[in-house]
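What follows is each chain in one-letter form.
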Amino acid sequence: MKPQEIWELFKGRENLDHDSYEAWSFGKSLDELAELVIKGIKRGTSSAHPHYLREGERLPEAGDYSVILNSSGEALCVIRNKKVSILPFRDISEGHARIEGEGDGSLSHWREVHIKFFEEESRTYGFDFNEDMLVVFEEFELVFRP
């Protein structure tokens, strides 16, 4: 299913009169992470704040809708942000790690995976990664799956 198709189904069900949504997939392990969302395990995601600044992208906000894509670009579900926090990497907590729902859900796993990810991203997009780098943490809910 294409992003616009899933959005139209959701929009009709919810009587929405706008097309304000983003379609995207998670950074690595696209299919695995999307499946965690569908199962209700993954209820959050984090991204590097400097990436938004470098690319001139709008920061996510509470209430934003997103269509989640798999590795083939197919739309799987719609999520809605409940809360968006911007905090230093070092302040990500065990609670944040559990909400993100990856691996064993521990903070040590979250840190290991995200240090690697943010270091790679920092080289690609030309910003410095360190523990003071701001992270955009989105808490979301699954609102539609066809």
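Quick look at the structure, then. The model shown is predicted, which means the values in this text are computed figures rather than measured ones.

## As for the layout of surface pockets
Now for step 1: In this model, the largest pocket occupies a volume close to 970 Å³.
Now for step 2: Looking at the largest pocket, it is lined by 38 residues, and the ones nearest its centre are Trp24, Ser25, Gly27, Thr45 and Ser47.
Now for step 3: When contributions to the lining of the largest pocket are tallied by element, the ones reaching two or more residues are strand E1 (21-24), helix H2 (30-38), strand E2 (44-48), helix H3 (49-55), strand E3 (65-69) and helix H5 (107-125).
Now for step 4: Per-element accounting of the lining of the largest pocket gives the leading share, eight residues, to H5.
Now for step 5: Considering only residue class, the lining of the largest pocket consists of 12 nonpolar, 13 polar and 13 charged.

## Describing the sheet that holds strand E5 (residues 134-144)
Now for step 1: Strand order in the open sheet made by the five strands is E1-E3-E4-E5-E2, with mixed pairing throughout. Bordering the open sheet on either side are E1 and E2, each of which pairs with just one other strand. Neighbouring strand axes in the sheet, compared pairwise and without regard to direction, differ in orientation by 35 degrees on average.
Now for step 2: For E2 and E5, the ladder comprises five bridges, and the chain directions are antiparallel.

## Comments concerning the side chain of Ser47
Now for step 1: Note that Ser47 resides in strand E2.
Now for step 2: Beyond its immediate chain neighbours, meaning those up to four positions away, Ser47 contacts Tyr52, Phe118, Leu134, Val135, Val136 and Glu138.

## Thoughts on the packing of aromatic side chains
Now for step 1: Under the criterion given, the structure shown has 11 aromatic pairs.
Now for step 2: Between Phe89 and Trp110, the aromatic rings sit 5.1 Å apart at their centres with planes inclined by 35 degrees, giving tilted as the arrangement. Of this pair, Phe89 sits in the loop between strand E4 (75-88) and helix H4 (94-100) while Trp110 sits in helix H5, and the two are 21 residues apart along the sequence.
Now for step 3: Classification of Trp110 as buried rests on a relative accessible area of 3%.
Now for step 4: Joined through ring pairs, the aromatic side chains of Trp7, Phe10, Tyr21, Tyr65 and Phe144 make up one cluster.

## Regarding the side chain of His51
Now for step 1: Note that His51 resides in helix H3.
Now for step 2: Overall, the relative accessible area of 12% leaves His51 in the buried class.
Now for step 3: With sequence-adjacent residues up to four places away left out, His51 is seen in contact with Glu57, Glu121, Tyr125 and Phe127.

## Notes on the environment of Lys42
Now for step 1: Relative to the elements of secondary structure, Lys42 occurs in the loop between H2 and E2.
Now for step 2: Spatially, the C-alpha atom of Lys42 lies 9.4 Å from that of Leu142, the residues being 100 residues apart in sequence.
Now for step 3: Beyond its immediate stretch of four places on either side in the chain, Lys42 contacts Phe26, Leu33, Leu36, Val37, Ile99, Glu100, Gly101, Glu102 and Phe140.
Now for step 4: A polar contact of 2.8 Å, which involves the side chain of Lys42, links it to the side chain of Glu102.

Rules and cut-offs
Residues numbered from 1 in each chain as written. Predicted model: local features only at pLDDT ≥ 70, side-chain atom pairs only at ≥ 80, totals over all residues. Heavy atoms only, no water. 1 Å grid on protein atoms, 1.4 Å probe; cavity = no way out; pocket = protein on both sides within 12 Å on 5 of 7 lines; lining within 4 Å. Points joined across faces, edges and corners; volume = space filled by probe spheres on them. Helix = DSSP H or I, 4+ residues; strand = E, 2+ residues; numbered from the N terminus. Nonpolar A, V, L, I, M, F, W, Y, C, P; charged D, E, K, R; others polar. Pairing = 2+ DSSP bridges. Axes fitted to C-alpha atoms, helices over the stretch in contact; angles between N-to-C directions. Contact = heavy atoms within 4.5 Å. Phe/Tyr/Trp six-rings, centres within 6.5 Å; stacked < 30°, edge-to-face > 60°. Buried < 20%, exposed > 50% of the residue type's maximum accessible area, 1.4 Å probe, protein only. Polar contact = N/O pair within 3.5 Å; in protein donor to acceptor, adjacent residues only side chain to side chain.

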